[in-house]
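# Secondary and tertiary structure notes
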Amino acid sequence: MRVAVVGATGAVGRDLRRLLEERTFPCDEVVLVASERSAGGVLPFRGRDQVIRALTDRDVFDGVDLALFSAGGSTSREHAPRAVEAGALVVDNSSAWRMDDEVPLVVVEVNPDTVGTPHRPPPKGIIANPNCTTMTAMLPLKALHDAFDLVGFTATSFQAAGGAGQKGIDELAAQIEPLFAAGDLLRSDGRSAAKLVEHHVHEATLAFNVVPLLGAEAADGYTDEELKLVNESRKILGLPDLVVTPTCVRVPVTVGHSIAISATFQRQVTAAAALSRMEGFPGLVVEHVPTPLEFAGRDEVAVGRVRADLFDPHVLNFFVVGDNLLKGAALNTVQIAELLLARGLITAKQR
Ligand SMILES: NC(=O)c1ccc[n+]([C@@H]2O[C@H](COP(=O)([O-])OP(=O)(O)OC[C@H]3O[C@@H](n4cnc5c(N)ncnc54)[C@H](OP(=O)(O)O)[C@@H]3O)[C@@H](O)[C@H]2O)c1
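Below you will find a few notes about this structure. (Residues numbered from 1 in each chain as written. Predicted model: local features only at pLDDT ≥ 70, side-chain atom pairs only at ≥ 80, totals over all residues. Heavy atoms only, no water.)

Once that is clear, we can look at the sheet that holds strand β6 (residues 66-69). The strand order β5-β2-β1-β6-β7-β8 describes an open sheet built from six strands, whose pairing is parallel. Bordering the open sheet on either side are β5 (53-54) and β8 (126-128), each of which pairs with just one other strand. Of the strand pairs in this sheet, strand β2 (residues 29-34) and β5 are connected by two bridges, and their pairing is parallel. Opposite A34, over in β5, you have A54 as the bridge partner. Where helix α2 (residues 73-85) meets the sheet, it contacts β6, β7 (89-92) and β8, and its direction lies at approximately 175° from that of β6. (Pairing = 2+ DSSP bridges. Helix = DSSP H or I, 4+ residues; strand = E, 2+ residues; numbered from the N terminus. Contact = heavy atoms within 4.5 Å. Axes fitted to C-alpha atoms, helices over the stretch in contact; angles between N-to-C directions.)

To continue, consider the pattern of salt bridges. Considering all chains together, one arrives at 15 salt bridges under this definition. Between R2 and E29 there is a salt bridge; the shortest N-O distance is 3.0 Å. With R2 in strand β1 (residues 2-6) and E29 in strand β2, this residue pair connects regions lying 27 residues apart in the sequence. According to the relative accessible area criterion, R2 is buried, its value standing at 17%. One salt bridge connects R298 with E300, and the closest N-O pair in it is separated by 3.3 Å. Judged by relative accessible area, which is 32%, R298 ranks as partly exposed. Where salt bridges share partners, they join D15, R18 and E22 into one cluster. (Salt bridge = Lys/Arg side-chain N within 4 Å of Asp/Glu carboxyl O. Buried < 20%, exposed > 50% of the residue type's maximum accessible area, 1.4 Å probe, protein only.)

Here the focus is unusual backbone geometry. The backbone of R46 sits at a positive phi, close to 50°, despite the residue not being glycine. Among the structural elements, R46 can be located in the loop between β3 (42-45) and β4 (48-51). Looking at R46, the relative accessible area reads 39%, which means it is partly exposed. Positive phi values are uncommon outside glycine, yet F208 reaches one of about 55°. Take F208: it is sitting in the loop between α6 (190-194) and α7 (224-237). By relative accessible area, F208 is classed as partly exposed at 47%.

See the structure below:
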């Protein structure tokens, strides 16, 4: 099995390489791919240095059985079809293909059957990995939907700097010391404090702050990040009329997205009944106070603060956290690869 990791030098790519090693995915050969900026450098894989290839190399997908893409939407749009053309199945982490009707959008614990079968493979040879916030929300919502019939949900996210990749983490890290050193200015004149540092990745200074605009502004004042939560949730849960009210917020956390969710169901729901459905759901753990810091680097999504609504017996309120680079990206990608293997959708080429 020859596996290409496209975006191997990035925040998601780093976890992809680690998970392929740790979960002993049966790849005989890995092809690490990035931009021309990184080409020729080396990264370790299974104890050996592997030379990074440029995505623009003509033969980079030759003999590749499976290509895991994490290098941005425009890169995937342009190059994933090249990998398919060369005979690989693609699992894509970007937003490029998620809403394409011919591309399954898969959370392995939620809708694994949409991945296809050897007789009905994914029509475009591409399987999409959902957005990291949507992914985290899907686990408890699916557990609850199966019992209480989901009608809709209001979600306010608290998304980590790392959701914007390594550059998002670096920008936050560079802001912390100068702002901390500003001392009283953080209390007396926050506007001046915010100007002590630069921001290019996040919409405003993120250290010691909360930034309620995340993504590009799209329709009706919502951002593209917020619309992903609407559209991807509907596709994954197979509920085209799901009513979703999203607000996405960036917070000064390195890794780990959190979401406060208020979900409405057709049936009445109690906290105890909800907990019994969520406990034991694959990939989900129940914690009294789940925090992103404590779940950074962990595979599980954690749900807590589970409360029946004070006024509406059809509504449940809860808080969910998950590592955006793991379950939100690299882990689900590798789980999809494992699913493809288990279902006979990928086999090593005869060489
Ligand atoms: N961060 C998250 O929480 C998260 C979650 C879910 C999905 N995703 C998606 O995963 C993808 C990668 O995100 P990330 O956070 O890992 O970003 P990142 O840290 O900025 O890494 C980007 C990676 O893509 C490569 N790349 C960029 N432009 C390229 C090009 N033109 N040709 C070839 N390689 C190119 C970079 O290579 P160089 O090092 O050579 O520049 C690097 O390896 C994005 O599509 C993102 O939307 C991210």
